[in-house]
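So the chains spell out like this:
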Amino acid sequence: MTAIADPLKISDRAKEEVRLLFMAKHALGDGSLHAEDGNHAIYHHEVRSILESLGLNLMLSNNYEILFERPAADFVFPLLNRGGFLNSEMLIPLLCKRLGIPFLGASPILRGLSDDKHLAKLSARERGLPTAPWAIYRCGAPVEEKDCPMAERMVVKPNASSASWGIHDASDWTSVRQAVAEIHDEGHDAIVEPFLVGSDVEVPVVTINGEPQIMPMMLFEQADPSHLRTYWEKRDLVERGHKYQLVDFDHAEICPQIAEFTRRAMIDYRPFDYGRFEFRVNMTTGDIQFLEVNLNCNLWSQKVFGRSALRAGWTQEQLIETILAEGYRRHGLMD
């Protein structure tokens, strides 16, 4: 199992003096499963509850408007990532930069780099990571077959989607073009790539005293490696237990390779405080392919980060406090 540094603590002085603004779509919710956002509502409530239990000087918001004028806040914890419009990942960091308020996570341009799957793949390929061929079809740009990495089976999805929102299966150019058109009609760029048989290895990374720490890896083990996971499954809005499950991953040969790929990939994103790097692994052939990067990703106790923290010997409270303490430290808000 991966060995990481001890968790961090927020000083009593910082708890009292630093006015923290926690922003999430369901920051004011009661923790119930949401009809569209599913378990994200539970996740946001859990983080808010932990922040409250830490005795922080806490403010809550579920909208961007609070940052249109300067709020009475010294630091922002942004989880209002998916705003329903293209490139919304960058909005809170940009608003914070405009007001001069420090915030948790990477800078706006790096949030944009990670959110754009095409650019993230270019970055990974430049760092020598194995990456399957792909094509990007921007809204308003030509949609031509010559650019498409044709395969027996292809995946078409919004280039900045999360949790497999808007994902399509395709088997020929006609179905690819139709899927791209549907994604464009919703105002999003589309990315096309061959379907990769296998399961996803998830690599959580936290930063402690300026140094990224690779946490224990997790595997979304699929009963059928050819199954295409959907948004509804990932958000627990449909039953999916028989299709895949999140399990520990400690493969003696594959883990060191993925750790090295992760160290290379993260170079372009530092400092980012925390993030998740994803790889598709074919356990039969041992083939590894980089998939994407998710900065300011899901920290819920029942998902990758929370389960990995337990493997590292941390509680969920220690995970949240460590990430926030590092943000405070990096911005000079804690002794």
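As shown above, the structure is provided for reference.
Quick look at the structure, then. Counting starts from 1 at the beginning of each chain's written sequence and moves along it residue by residue. Totals for whole chains, interfaces and linings use every residue, but because this is a predicted model, local features are given only for residues with pLDDT of at least 70 and side-chain atom pairs only at 80 or more, for both listing and counting. The basis for the side-chain values is all heavy atoms of the structure; hydrogens and waters are excluded.

**Some details on the overall build of the chain**
When helices and strands are tallied, the chain shows ten helices and 13 strands. For the chain, the C-alpha radius of gyration of 20 Å lies close to 20 Å, the compact-globule estimate for 335 residues. Exposure categories follow from relative accessible area, calculated using a 1.4 Å probe and restricted to protein chains: below 20% of the type maximum is buried, above 50% is exposed, and the middle band is partly exposed. Counting the 335 residues in the chain, one finds 56% classified as buried. Residue contacts are counted whenever heavy atoms from the two residues lie within 4.5 Å of one another. Residue pairs in contact within the chain that sit at least 24 positions apart in sequence constitute 69% of those at least 6 positions apart. Carbon and sulfur atoms provide 49% of the accessible area of the chain, an area that totals close to 14200 Å². Only four residue types enter the charge count, namely Lys and Arg as positive and Asp and Glu as negative; His and the chain termini do not. By convention, the charge on Lys lies at NZ, on Arg at CZ, on Asp at CG and on Glu at CD. Separation of charge centres in the chain, based on 35 positive and 48 negative side chains, amounts to 3 Å. Only DSSP runs of H or I reaching four residues or more are called helices, and only runs of E reaching two or more are called strands; each is numbered from the N terminus. To get the radius of gyration, use the C-alpha atoms; to get the globule rule, take the number of residues to the power 0.38 and multiply by 2.2 Å. Per-residue accessibility takes into account occlusion by the displayed protein chains alone, with areas from the Shrake-Rupley method and a 1.4 Å probe.

**Things to note about the environment of S107**
You can see S107 is positioned in the loop between α3 (91-99) and α4 (108-115). Residue S107 is classed as partly exposed on the basis of its relative accessible area, which comes to 24%.

**Some details on the nonpolar core**
As a rule of thumb, nonpolar side chains are buried together in soluble globular proteins. Core analysis: the largest hydrophobic core is formed by 36 residues, its most contacted members being L51, F77, V206, Y274, L324 and Y328. Breaking this core down by element, the ones donating at least two residues are β1 (19-23), α2 (40-53), β3 (75-78), β8 (199-208), α9 (304-311) and α10 (316-330). Counting residues per element, this core draws most heavily on α10, which supplies six residues. The residues touching L324, leaving out its near neighbours within four places in the chain, are I10, L20, L51, L56, F75, F77 and L104. Here, nonpolar core means buried Ala, Val, Leu, Ile, Met, Phe, Trp, Tyr and Cys residues that are tied together by side-chain atoms lying within 4.5 Å of each other.

**Things to note about the packing of α2 against α10**
What describes two packed helices is the angle between their axes and the distance between those same axes. Between the N-to-C directions of two axes lies an angle of 0 to 180 degrees, each axis being a line fitted to C-alpha atoms and, for a helix, fitted only over the stretch in contact. Look at α2 against α10: their axes get within 10 Å of each other, and the N-to-C directions meet at 75°. Judged by the angle between their axes, α2 and α10 are roughly perpendicular. The residues of α10 that touch α2, namely those facing E46, V47, I50 and L51, are Q316, E317, I320 and L324. If an angle is under 35 degrees, it is roughly parallel; if it is over 145, roughly antiparallel; if it lies from 65 to 115, roughly perpendicular; otherwise it is oblique.

**Overview of the side chain of N298**
By the element assignment, N298 lies in the loop between β13 (288-295) and α9. Given a relative accessible area of 13%, N298 falls into the buried group. At 2.8 Å, the side chain of N298 forms a polar contact with the backbone nitrogen of W300. The residues touching N298, leaving out its near neighbours within four places in the chain, are H40, Y43, R276, K303 and F305. Definition of a polar contact: a pair of N or O atoms within 3.5 Å, with one able to donate and the other able to accept a hydrogen when the atoms are protein atoms, and with sequence-neighbouring residues admitted only if both atoms are side-chain atoms.

**What about the sheet that holds strand β7 (residues 190-194)?**
A pair of strands is labelled paired if DSSP reports no fewer than 2 bridges between them. Pairing in this open sheet of four strands is antiparallel, and the strands run β4-β7-β5-β6 from one edge to the other. In the strand order of this sheet, the two ends are held by β4 (135-137) and β6 (168-170), each with one partner. Neighbour to neighbour, the strand axes of the sheet diverge by 25° on average, direction disregarded. Sheet analysis places strand β5 (residues 154-158) next to β7, joined by five bridges and oriented antiparallel.

**Notes on the pattern of salt bridges**
Just to be clear on terms, a salt bridge is a Lys or Arg side-chain nitrogen sitting within 4 Å of an Asp or Glu carboxyl oxygen. Taken as a whole, this structure holds 23 salt bridges when the rule is applied. Between R138 and D116 there is a salt bridge; the shortest N-O distance is 2.9 Å. Of this pair, R138 sits in the loop between β4 and β5 while D116 is found in the loop between α4 and α5 (117-126), placing the two residues 22 residues apart along the sequence. With relative accessibility at 11%, the residue D116 sits in the buried group. With its nearest N and O atoms 2.6 Å apart, the salt bridge here joins D268 to R127. Pair noted here: D268 is in the loop between α8 (254-265) and β12 (274-281) and R127 is in the loop between α5 and β4, with a separation of 141 residues, a long-range link.

**Focus: the environment of P93**
Along the chain, P93 falls in helix α3. Residue class for P93 comes out buried when judged on its relative accessible area of 0%. Taking C-alpha positions, P93 is 8.1 Å from A106, a pair spaced 13 residues apart along the chain. Beyond its immediate sequence surroundings of up to four residues, P93 is in contact with F103, A106, P108 and R111.

**What to know about α2**
Between its first and last C-alpha atoms α2 spans 20 Å; for 14 residues at 1.5 Å apiece the expected length is 20 Å, and the two agree. Taken together, the buried positions of α2 are H40, A41, Y43, H44, E46, V47, R48, I50 and L51. Helices are assigned an expected span. That span is 1.5 Å times one less than the residue count.

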